[in-house]
Each structure stands twice: as C-alpha cells, then as structure tokens.
Amino acid sequence: MNKFSKSILLISIGMGLFSSCVIKQPGDKAEMPRTITVSGRGSVSVKPDLVHLKFLVRTTDWNVSKAVEKNATNTNNVLNALKEAGVASSDISTFDYSITQDNSNNYPGQYTVRNTIAVVVRNIETAGSVIDAAVKQNVGANGITEFRYAVSDDASYLRQARTLAIQDAQDAASLLAGASGCKISSVQSISEYTPDTYALRATSSFDSTMIQEGTISIASEVTITYNLEN
C-alpha cells in the first residue's frame, strides 16, 4: 500500500471515531420539563353550631388516697352538674387521668391528681350555663383548658374551601405563565394544608358567664406545580 492510500485510510478511521463521539454527547438528551409552582388559598366563613369544652379537675393532698378521693368526688360533681345543665351523657367523656408527686424541693411533696372532662355542647346558647355548672362552688372543675367552636357538617364546607383554593392557585399560575409567553398544562404535583381557625368573644358577669359566638373560617391552602407549554 502506498503512502497516499495509507493517508486516506487513516483519515477515514479518524472520521468514524469522531462521529461515534458526537453521537454520545449529552447535548442530545431530552430537555427537562418546564414547571411553575404556585400557592392558593380558599376559605369559607361558617356560623358554628357546636362548642367543644375541656374542664380540668385538679386536687392535691399530702396523702395520695385522699387526693384521689377528692378528685373522684369533684369529677362526679362535674358530671352530674353537666347532665343537669342539659348535656347528654354521650357528649361527655373523661381522659388524661394522672397522679404525680411534687419532688422539686428534694423531699417528697404533695400528690396531685388531674382529670380532664371533654364536653360537646350542641346548643351554643347554653354554653355559658354549662361552664357555670361545671365550676359551681369550687367543688367541681377548677379550670377550662379548651373552648373551641365547631360545625357538625364541616366536610361539606371543607370541600368548598378546597375548590376555592385550587381555583386560586390555577388563576395565579395562568396569569404568571401568560405574562411569560406560555401556558399551563397538566398538574405535576399538589399538596394541601388545612389550618384550624376560629373566633371567640366572651364576656362574664357576676351571676353567669355570657358567651357570644364568633365565626369559624374553614380554610384550605394548596401548593401546586404545573407543567408549562408554549
């Protein structure tokens, strides 16, 4: 083989190797999808028809048996008073019962017995009288750890809030995408957060506790990632 033929062969082999390198370049990979992530919020104001109450019954004594006995007596006083105030037995429950001893001063202290009574008041207008009955004459509950408005049919209102939140997010995404010269297409991901919010206004007088209900805001907050297209 002459020198000229050898040169042509070497050039051909080099071109083949170059071509194979070009085919494997990462530039030929598919483009990553373009996306936009937005948040949306929807809420529905609802007049409550329930009140959730939690009463604390707390007793102390140097003798554990006496502390337990006092707590049992006061708890029974609260249960009877609640029933007399018109609360159904099925709307009353007890939980979070505990017995502890104070040893903070490096010697055995008094025993403390705690019991929590949860109540559902289905007639908001009677909430004040229910509270007064539970704490009457200091021989019943000695604290309220929760006062919360609620609605019996919160699922339907949550669906409304979710619909509004989705629409709010979609409007924001469409506006931003349109301003940048493209449009939204399919949903890539979606997440939701449902905060609990409520309003309470309460006043008290010498004779009884007066409760004036506020409104519940049932809300849904969503974060949605949309795919973009031209």
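Below: a short report on this structure. (Residues numbered from 1 in each chain as written. Predicted model: local features only at pLDDT ≥ 70, side-chain atom pairs only at ≥ 80, totals over all residues. Heavy atoms only, no water.)

Description of the packing of aromatic side chains
Link 1 in the chain: Scanning all chains against the criterion turns up 1 aromatic pair.
Link 2 in the chain: Here the aromatic rings of Phe147 and Tyr149 are separated by 5.6 Å at their centres, their planes lie at 85 degrees, and the arrangement is edge-to-face.
Link 3 in the chain: Look at Phe147 and you get buried, because its relative accessible area is 14%. (Phe/Tyr/Trp six-rings, centres within 6.5 Å; stacked < 30°, edge-to-face > 60°. Buried < 20%, exposed > 50% of the residue type's maximum accessible area, 1.4 Å probe, protein only.)

Thoughts on the side chain of Thr75
Link 1 in the chain: Within the element layout of this structure, Thr75 appears in helix α2 (residues 64-84).
Link 2 in the chain: In this structure, Thr75 is in contact with Val57, Asn115 and Ile117, ignoring residues within four places of it in sequence. (Helix = DSSP H or I, 4+ residues; strand = E, 2+ residues; numbered from the N terminus. Contact = heavy atoms within 4.5 Å.)

Digging into a nonpolar patch on the surface
Link 1 in the chain: Where nonpolar side chains cluster on the molecular surface, the patch consists of Val64, Tyr97 and Ile99 and spans about 250 Å² of accessible area.
Link 2 in the chain: Classification of Val64 by relative accessible area gives partly exposed; the value is 31%. (Patch = residues over 30% accessible without salt bridge, like charges linked within 9 Å, V, L, I, M, F, W, Y side chains within 5 Å. Areas by Shrake-Rupley, 256 points an atom, 1.4 Å probe, with all protein chains shown as cover. Salt bridge = Lys/Arg side-chain N within 4 Å of Asp/Glu carboxyl O.)

A few points about the sheet that holds strand β3 (residues 92-101)
Link 1 in the chain: Across the sheet, 4 strands lie side by side as β3-β4-β2-β5; this open sheet has antiparallel pairing. Two strands close off the open sheet at either side, each with one partner strand: β3 and β5 (143-150). Going from strand to strand, the sheet's axes swing by 15 degrees on average, the running direction of each strand aside.
Link 2 in the chain: As paired elements, strand β2 (residues 50-61) and β5 share 7 bridges and run antiparallel to each other. Note that in β5 the partner of Phe55 across the bridge is Ile144.
Link 3 in the chain: Strands in contact with helix α3 (residues 127-134) are β2, β4 (111-121) and β5; relative to β2, the strand with the most contacts, it is inclined by about 10 degrees. (Pairing = 2+ DSSP bridges. Axes fitted to C-alpha atoms, helices over the stretch in contact; angles between N-to-C directions.)

Quick notes on the nonpolar core
Link 1 in the chain: Core analysis: the largest hydrophobic core is formed by 26 residues, its most contacted members being Val51, Leu53, Phe55, Val78, Leu82, Ile117 and Val119.
Link 2 in the chain: Elements represented by at least two residues in this core include exactly β1 (35-46), β2, α2, β4, α3, β5 and β10 (216-229).
Link 3 in the chain: Setting aside its immediate chain neighbours within four residues, Val119 contacts Val51, His52, Leu53, Phe55, Leu82, Val87 and Asp91.
Link 4 in the chain: Within the second largest apolar cluster, 12 residues are counted, among which are Ile36, Val38, Ile184 and Tyr226. (Core = buried A, V, L, I, M, F, W, Y, C linked by side-chain atoms within 4.5 Å.)

Describing the pattern of salt bridges
Link 1 in the chain: Applying the stated criterion across every chain, the model contains 7 salt bridges.
Link 2 in the chain: Between Asp91 and Arg122 there is a salt bridge, with its nearest N and O atoms 3.0 Å apart. Remark: Arg122 occurs in the loop between β4 and α3 and Asp91 occurs in the loop between α2 and β3; sequence separation between them is 31 residues.
Link 3 in the chain: Judged by its relative accessible area of 54%, Arg122 falls in the exposed class.
Link 4 in the chain: We note a salt bridge from Lys183 to Glu229, for which the minimum N-O separation is 3.8 Å. With Lys183 in strand β6 (residues 183-193) and Glu229 in strand β10, this pair connects stretches of sequence that are 46 residues apart.
Link 5 in the chain: When salt bridges with common partners are traced through the structure, they connect Lys54, Glu146 and Arg148 into a single cluster.

With respect to α3
Link 1 in the chain: Extensive coverage of α3 is indicated by the burial of 6 of its 8 residues.
Link 2 in the chain: Among all positions in α3, only Ala127, Gly128, Val130, Ile131, Ala133 and Ala134 are buried.

Structural notes on helix α4 (residues 154-179)
Link 1 in the chain: Its 26 residues give α4 an end-to-end C-alpha distance of 38 Å, which sits within 8% of 38 Å, the value for a rise of 1.5 Å per residue.
Link 2 in the chain: Looking at α4, one finds that the buried residues are Ser156, Ala161, Ala165, Ala169, Ala173 and Ala177.
Link 3 in the chain: Those residues of α4 that are buried are in contact with β1, β6 and β10.
Link 4 in the chain: Two residues or fewer past α4, Gly181 is found with a positive phi of approximately 85 degrees. (Expected span 1.5 Å × (residues − 1).)

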